[in-house]
Structures are given as C-alpha cells and as structure tokens.
There are 2 protein chains.
Amino acid sequence: MKELQSKGRILLGPGPSMVHPDVLKAMATPLVGHLDPYFFEVMNGTRDMLRSVFGTENEVTIPMSGTGSAGMETVFVNLVEPGDKVVICINGVFGERMKDVAERCGASVEEVTAPWGEPIDPQQVQKVLQQSKNVKLVAIVQAETSTGVRQPLEEISRIVHEHEALFVVDSVTALGGIPVEVDKLQIDACYSGTQKCLSAPPGLSPVTLSPAAVDILRNRKSKVQSWYLDLGMISNYWGEDRFYHHTAPISMVFALYEALRILLAEGLENVYARHAENGKLLQDELQKAGFELLAKEGYRLPQVTSFRLPQGVDDAALRKQLLQQYNIEVAGGLGALKGQIWRVGLMGYSSNLANVRLFMTALQDLLS
Amino acid sequence: MKELQSKGRILLGPGPSMVHPDVLKAMATPLVGHLDPYFFEVMNGTRDMLRSVFGTENEVTIPMSGTGSAGMETVFVNLVEPGDKVVICINGVFGERMKDVAERCGASVEEVTAPWGEPIDPQQVQKVLQQSKNVKLVAIVQAETSTGVRQPLEEISRIVHEHEALFVVDSVTALGGIPVEVDKLQIDACYSGTQKCLSAPPGLSPVTLSPAAVDILRNRKSKVQSWYLDLGMISNYWGEDRFYHHTAPISMVFALYEALRILLAEGLENVYARHAENGKLLQDELQKAGFELLAKEGYRLPQVTSFRLPQGVDDAALRKQLLQQYNIEVAGGLGALKGQIWRVGLMGYSSNLANVRLFMTALQDLLS
C-alpha cells in the first residue's frame, strides 16, 4: 500500500476548513493517557475556552467524541424520551436531519418550515406553539450550511421560553464565525463541530446544556438510548470525578485546545469582524460579477456563501477543474439544489482576503 | 491559556498505546475534503487493509467515527430491534458494557458469566441456547481489557451457529495483537478500536459485518435508533455511491491508513509473534519476581497482563510514582479489582523488549 501523500487543498467548501499549522502540529503531539493528570489540565482548559466561545457559564460544556452530527444526536438522545412532542424548524438539510434524529428517539415531531434560502419566521413558531400543548423543545439551525442562511434567534428564543419549552440550537457552522451567545439568548442546548469556523480537523462536537436542560436530563424516566452519548455518564468524566467512560480521542482534544487558544488569542470580536469582512467582500464580488446569491438579503452568513451557477454550467465538471487546476475545493448544492448552486466557505483559518481574491479569479477564469 | 506542552508518556496501560512516529506525522497531514477523490483512495486503502487485519472479505468493513465503544454501540443498534433476545457473555467490564448497550436498544438480555480472570465456558453458552428459543445473537469479548483474559472462540462460534444466532465479537484490544480471523471463525459482527494494538490515536472504531448480519440489517422492521451510527447510511458513503452522511474524521482516517500500512509491512504473523514474545517475557518475569497473575494460565493475552499487587501497597500512590519518576503509565483495576491489580499493556508500538525490561526495573525499584 502506498504511503500517505496528501499535500492538502485550499479548502473553501462548507467544511472542513483549512487547519491552522499549529493545530496540525498539536495533532502530532505524542499522546498521554485519557486519565493522565496533564490530560485533565487540557480537558479543563478546553472546557473553559469552549465556554468563552459559546458565551456561556454552563457547567455541562463538553466536546463529544464524534463529528457535528454526533453532537446533534447527543442533544436529542439526552433530552427526548419516547412520546415527547418537539418542534423542528426546517429550511435546509440540517433541519431535516434533526427531524430524522428526533424521530429515532421516539419524538413526535411538528415542523415549522421555510423555503431553502430563507430564514424561519418567528410568527410560524409562535403559531405552532399556540396550537400544540406540552412541547418539550424547539430546535433550529443558526447557520444552515446547505443554504448559507443566517437565522436570527432572539425573538424565537423569547417565544419558545414563553411556552416553557427548551430552546435547542445547531451552531455547527456558526461557532467561531458569528456570535453564538448561549447565555444571552437563553439557549438550552447547543452543539457544534470542530471542522468549520474553529479550524480544527473534524472529529469532535462541542455541546453545552443549560441548567434547565440538565434538570430534564437528570429527571428522565428512561435511560438515554445511547450509551456512547450519555451525557450523564460523560459529565462524570469531564467533571471532578474523572470516572472512566470511554477512551477520549486524545489527539483531537489536543487539537481543539490549540484551535481555541489561537481563536481566543485573536479575540472573539476580531474573529467575527474578519469573517464578516471577507464574507461580505466575496458576496459583493459575486454580485458584481453577475451571480445571484441564494440566501435572502439580510440573512446571509459570512462564513458560507451560496450562489446560483449560470444556466448550462456543468457543476461537477467545473468543480473538478477548480480542484485540478487551482487545488481549491468548494461544494455543490444538496437535495433539490444539487447541480444548481455552489457553496463557498470562508471559515476560520480559510477566511482571508487572499482566498477571496483567488477564488474569484479562478471562477472567472474557468467560466471565461 | 498556555500552549500545549505534552512530551508524551511511555504508555504501558491497556490503551491508548504509544503511537508510531509515522502515524503521528500522518495526523498532521494537511486536510483534503471528505468528498475529495484522494480521500476516496485513502478510504478504499483503509478498508482493504482493515479486511486483511480482520481476516475477512466482508463488504461492510468500515472505521466508525468514534472510539471503540462507538463500535460496540454500532453493532448493537444496527442488529438489535426492541424485544430481541440476545445472550451476552460477561467476565469483565466490557461484557457488562455490552449488556448495558444492548438493553438500551430494547434487547432482552440473558447472561453467561464467568469469574473475572477466567474465560467463558462454551458449555454454559450451549446450555443457555438450549433453554432459550429465538436468540438473535450471542456476544463475547475476545480480549477482556479489564482482566487480561484471552477468550477462545472456535467452539463457541460453532455452538452459536448451530443455534442459528449471529456471533458478535468485541475485538477492541485483540485486533492487531492476536489473530481475529473473522471469516474463519464465522464471526458475524466484530468491532475494534484504533488506540490498542493498531497503535493509532483513539478516535475510530473499525467494524465489520458478515453477509448474514447485513441481511438482518437490511430487513429490519424499525429504523436504526442511532442516525450517527446507522450502517445502512454509512455504507453508502464508504461504498461506491459516496453519498454524504457525516463529515468523516479525515485526519484520523489518515492515521489509521498509515498505522495499518506499517502493521502490514511488518507482516501479521511477525506482529503476532512480537506481541506473544514480549507478553510472555513480561509474564514470566513478573512470576519470577513473585507476582501472581490474574488471568488463568492458558488464557492470558500477550498484549494485556494483569497481576495482583502485594498486600499493603497503595495502588494509586505507586502509579503516581511510576508516572513521575519513570514517565510510565500503567492502569489499575476496574470494578471489584480496583486497588488490587495493575494492568500492563504491551500493544502495537509499545510492545518491545526495552519496555518490558524498563517496566520490570521500575517496578522492582519502586517496591524495594
């Protein structure tokens, strides 16, 4: 079998993003055990830094040992019991995925939908909550990776709490790119991934639960259906007790530690400003060049931009050319948008001026 | 927050083991996307090499995106439906964990037990299968990490198949240290971990399913309760279709690829011989020095050795000294054996003569 030969790519898709060289170095750090006193220090540091980036003081703030979707599953398996009523907001692939995951936990799901490319309307959430009694939680995606839509959360959070439900937010693509503000927005459960704006490799999913969500977890009637994602047990390992649960992915925790350290050294406000600036530049340049953006104006994420391909362009062939000639990866559309759009990520370490200029030049070259 | 400062340890616990320097280098390889043509090549190579190490031609042979326990959960969530009858063999922590996981899938569990330190008796399995009708699967641990017991599988496999049940084997600590031989032993579902004898960091769990197990999966009445671990969906990503399911932990797959390449370059027979030799040397030296081994003679794993501490020795304090003075990690006992035994791993890259000599010297120094 041949030796590994990856020279890497310029990753401008909607994840994974490029990994900071110091984070790659952290991945190669010689291991210590998962019960080593030094590893406990790294765990504590990682948890504290995650709290800063999530904007929370939540005790239960833990990087789960799986990719972003494992974080999604963690939230649903821990908070939902069979028969529970939940409301899922769906305006893209990840809303649909939440519905599938929730149903596998035995939830009875009601949907609030919006067309792909548009945000969820708070009034629709209000309406569903007024009609349904005893909704346990309302779940929504803050940054829809499949469309590039940025979802405002403030009003929906207020409505959800008025109806005494838990507010669950998917911040997989949001965290580290735009403010998440878990405490300020009264988010009860939030999960993310390492391979988007945190610029670490895929493999961990940071999760945080509010005290109210922890109460729900502690008072469950049934066992959590997943042993691997059982937050009650995992908290005993990440907390003071250090009870062995499973062998943590040590190298990935090292990488996340380093990624968070680099992010906080730049400063959260600076990081958000950089994402905002580069995202806006790309969107302006695309529009100037005559491309139509998919996400509605006012609801565009800076870290994922989706735009329609000109009629008659072969999506897959063009992306292949971009990869072969420019070593740049971007993504096509998912579901009904397959073949119609491109999704360009400017996340974390990938979000810089040079990448915007390079991508625009390459795009115009390939289409000329 | 301080920069990452791990200098690594001499890892002689029951996992994680030390990681080969070339595998650490693979961890730091610049990323490509999870749908990149080069990543597909690495996936195919990884799958082919996993088949060699598992001793199987099973189509469904996949490293799951979680640590060893995620592999355990994968097998149970995919093969078990609520109400199914399963038999779990329990002679240590990991048998107990299988029972917990199976029950969370709604299984009705019957146990076959043996004292910790002894193997499961095939006649006991026979007896339970004769009394119970319609047992769907029988699960057993080949290498009990909590005791160091090596479980013979041949006779139990024959009994299980006579009763038309599926044969499930936990090879987390076995794979790459002793022969697993999935096809020869007619194992229907087998899972492992990267951080034991494969000498990669923790983070992936190789799983393989026989055609009979795949049939059971395809003919389920209910959806698999875990979206994240749904092998039907994940096979569509690891197979020819390359359907996006979740973002694979790319760097970990790079590491596993490199670890398997190194292992197969040494040659499976040589690898097993090296483990056998170093394990036997350690066990002989321990007995010569007056220590009592926990695992019954004839059923001792070369890769994990457990021995009783002398009366009056403070387990935790002594391990702390070993870590501080010699930079060596070993593990104490779990459950009822806490404080009574030590578990010493000689796995993968950690299994060499120098480590045996160093450990014995350190142990005798600290106890003198």
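Because the structure is predicted, anything quoted here is derived from the model rather than measured.

On to the environment of Val32 of chain A, then. On the secondary structure map, Val32 of chain A appears in the loop between α1 (21-27) and α2 (37-54). C-alpha of Val32 of chain A to C-alpha of Ala212 of chain A: the two residues are 180 residues apart in sequence and 35 Å apart in space. When near neighbours in sequence (up to four residues on either side) are disregarded, Val32 of chain A contacts Phe39, Ile250 and Phe254 of chain A together with Ser6, Gly8, Arg9, Leu11 and Pro16 of chain B.

Before going further, it helps to examine the interface of chain A and chain B. Much of the literature gives interface size as the accessible area that the parts lose upon coming together. Listed as interface residues are 69 residues of chain A and, on the opposing side, 69 residues of chain B. Of the roughly 5800 Å² buried where chain A meets chain B, counting both sides, 61% is carbon and sulfur surface. If you sort the residues of chain A by the area they bury against chain B, Leu4, Arg104 and Trp227 of chain A come out on top, with a joint share of 14%. Across the contact surface, chain A and chain B share eight salt bridges. Two residues, Asp36 of chain B and Arg9 of chain A, come together in a salt bridge whose shortest N-O distance is 2.7 Å. At the level of elements, α1, α2, α3 (68-79), α4 (93-104) and α9 (250-266) of chain A are the ones that each hand at least two residues to the side of chain A that touches chain B. Top contributing element to the side of chain A that touches chain B by residue count: α2 of chain A, with seven residues. Looking at side-chain class alone, the side of chain A that touches chain B contains 33 nonpolar, 20 polar and 16 charged residues.

This part is about the UniProt feature "modified residue: N6-(pyridoxal phosphate)lysine" (unreviewed entry) in chain A. Residue and element names in this part refer to chain A. In this numbering, the UniProt entry assigns the feature "modified residue: N6-(pyridoxal phosphate)lysine" (unreviewed entry) to Lys196. Here Lys196 shows up in the loop between β9 (189-191) and β10 (205-209). The contact partners of Lys196, leaving out residues within four places of it in the chain, are Pro14, Gly15, Ser17, Thr145, Val172, Thr173, Met347 and Gly348.

We now examine the UniProt feature "domain: Aminotransferase class V" (unreviewed entry) in chain A. Feature annotation in UniProt places "domain: Aminotransferase class V" (unreviewed entry) on residues 32-334 of chain A, given in this structure's numbering. Along residues 32-334 of chain A one finds 42% helix and 17% strand; the C-alpha atoms at either end are 40 Å apart.

On to the sheet that holds strand β14 (residues 341-345) of chain A, then. Residues and elements named next belong to chain A. Strand order in the open sheet formed by three strands is β11-β14-β13, with antiparallel pairing between adjacent strands. Where the open sheet ends on each side, the last strands, each with one partner, are β11 (304-308) and β13 (331-332). One ladder, built from two bridges, connects β13 with β14; its direction is antiparallel. Across the sheet, residue Ala331 finds its bridge partner in β14, namely Arg343. Helix α11 (residues 315-326) contacts β13 and β14 of the sheet and is inclined by roughly 30 degrees relative to β14.

Conventions adopted
- Residues numbered from 1 in each chain as written.
- Chains lettered and ligands numbered in written order.
- Predicted model: local features only at pLDDT ≥ 70, side-chain atom pairs only at ≥ 80, totals over all residues.
- Heavy atoms only, no water.
- Helix = DSSP H or I, 4+ residues; strand = E, 2+ residues; numbered from the N terminus.
- Contact = heavy atoms within 4.5 Å.
- Buried area = accessible area lost by both parts, 1.4 Å probe.
- Salt bridge = Lys/Arg side-chain N within 4 Å of Asp/Glu carboxyl O.
- Nonpolar A, V, L, I, M, F, W, Y, C, P; charged D, E, K, R; others polar.
- UniProt positions renumbered as here; feature names shortened; annotations may be inferred.
- Pairing = 2+ DSSP bridges.
- Axes fitted to C-alpha atoms, helices over the stretch in contact; angles between N-to-C directions.

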